[in-house]
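Fold and contact review
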Amino acid sequence: MNNSRKRQVGQIDEQGRGLPDLGPDVYSRWRASELGAITERLERRLVLDCIGEVSGSAVLDVGCGDGDLAVDLWRRGAAVVGVDVSADMIAAAQARARQAEADIDFQVAAAGSLPFPPDSFDVVVAVTVLCFIDDATPVFREIARVLRPGGRMVISELGKWSAWAAERRIRAWLGSPLWRRGKFRTPRELRHLASQAGLIPDPVRGAIYYPRWRLAARWMAPWDAALSRLTTIGAAFLALSAVKPRTNL
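These notes cover the structure that comes with them. Note that the structure is a prediction, hence the values are computed from the model and not measured.

**Describing the pattern of salt bridges**
Tallying each qualifying case throughout the model produces 18 salt bridges. Among the salt bridges present, the one from Arg44 reaches Asp68, with a minimum N-O distance of 2.7 Å. Taken together, the positions of Arg44 in helix H2 (residues 34–51) and Asp68 in helix H3 (residues 68–75) put the pair 24 residues apart, joining distant regions of the chain. In this structure, a network of salt bridges that share partners links the residues Arg31, Glu40, Arg44, Asp66, Asp68, Asp72, Arg76 and Arg96.

**Notes on unusual backbone geometry**
Of note, Asp119 is a non-glycine position whose phi angle comes to about 60°, a positive value. Along the chain, Asp119 turns up in the loop between strand E5 (105–108) and strand E6 (121–127). The backbone of Ile208 sits at a positive phi, close to 65°, despite the residue not being glycine. Structurally, Ile208 can be placed in the loop between strand E9 (205–207) and helix H8 (214–220). For Ile208, a relative accessible area of 0% corresponds to the buried category.

**Some points on the packing of aromatic side chains**
By the definition in use, this model includes 6 aromatic pairs. With centroids separated by 5.2 Å and ring planes inclined at 90°, the aromatic side chains of Phe116 and Phe121 adopt a geometry described as edge-to-face. Like Phe116, the residue Phe121 is buried in the burial classification. Seen from their ring centres, Trp179 and Phe184 are 6.0 Å apart, and the 15° between their planes marks the pair as stacked. Residue class for Trp179 comes out buried when judged on its relative accessible area of 3%. A relative accessible area of 11% places Phe184 in the buried class. An aromatic cluster is built from Trp30, Trp164 and Tyr210, whose rings are joined through pairwise contacts.

**Re the environment of Pro118**
Within the secondary structure, Pro118 is located in the loop between E5 and E6. Spatially, the C-alpha atom of Pro118 lies 5.2 Å from that of Arg145, the residues being 27 residues apart in sequence. Residues in contact with Pro118, not counting those within four places in the same chain, are Arg145 and Val146.

What counts, and at which threshold
Residues numbered from 1 in each chain as written. Predicted model: local features only at pLDDT ≥ 70, side-chain atom pairs only at ≥ 80, totals over all residues. Heavy atoms only, no water. Salt bridge = Lys/Arg side-chain N within 4 Å of Asp/Glu carboxyl O. Helix = DSSP H or I, 4+ residues; strand = E, 2+ residues; numbered from the N terminus. Buried < 20%, exposed > 50% of the residue type's maximum accessible area, 1.4 Å probe, protein only. Phe/Tyr/Trp six-rings, centres within 6.5 Å; stacked < 30°, edge-to-face > 60°. Contact = heavy atoms within 4.5 Å.

Written out as structure tokens, the structure is:
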């Protein structure tokens, strides 16, 4: 797997079903590996580039997992709220925030039913929260609802046409209970979902063009940003930025 924010053992998804084989300890092991560290750095760079300047902004991290991105955004000057459907993940995120002395509000909540009034946030970011959700439409609608006019959504997801996705499909065919439920999306699908929610999407960008192999990551990482500017074909990680239109008075 890449560093994409998955759910942990025993966590329930949006349909109330557990997702096996993933937990905060898996995150830690992944980030400690060379492949994980390289992949994490490239994915984070793309997400932060799509988000842009956040100092002084109200930011919601949907599917915050163990809080790593939320703490990063707080350090960049944002007022951050993080939500995740898993109470265990929220506990891990709170522990991370305490260690960093970061003032972040973490809450248990589902991506399709956010406990905030309309127009609450300047930025909403969601990193691979759709991977195991069949119908992503309610998630996009909720994000659009809580965004302020002129606010920005950044969604990043697992790309459908990549070596990583192919490997995960093989694992599903071989019986992986996790990847049997995995969902991979195309740039066109992500843009369509954003448009349906009333947002104005930018072009989708990609990252992670190498296969799941440490040496390939080491050799190809320096070229990742250049490939991202050229194509999303072969990208294991996709990022979409979209803006909520301002209301005409």
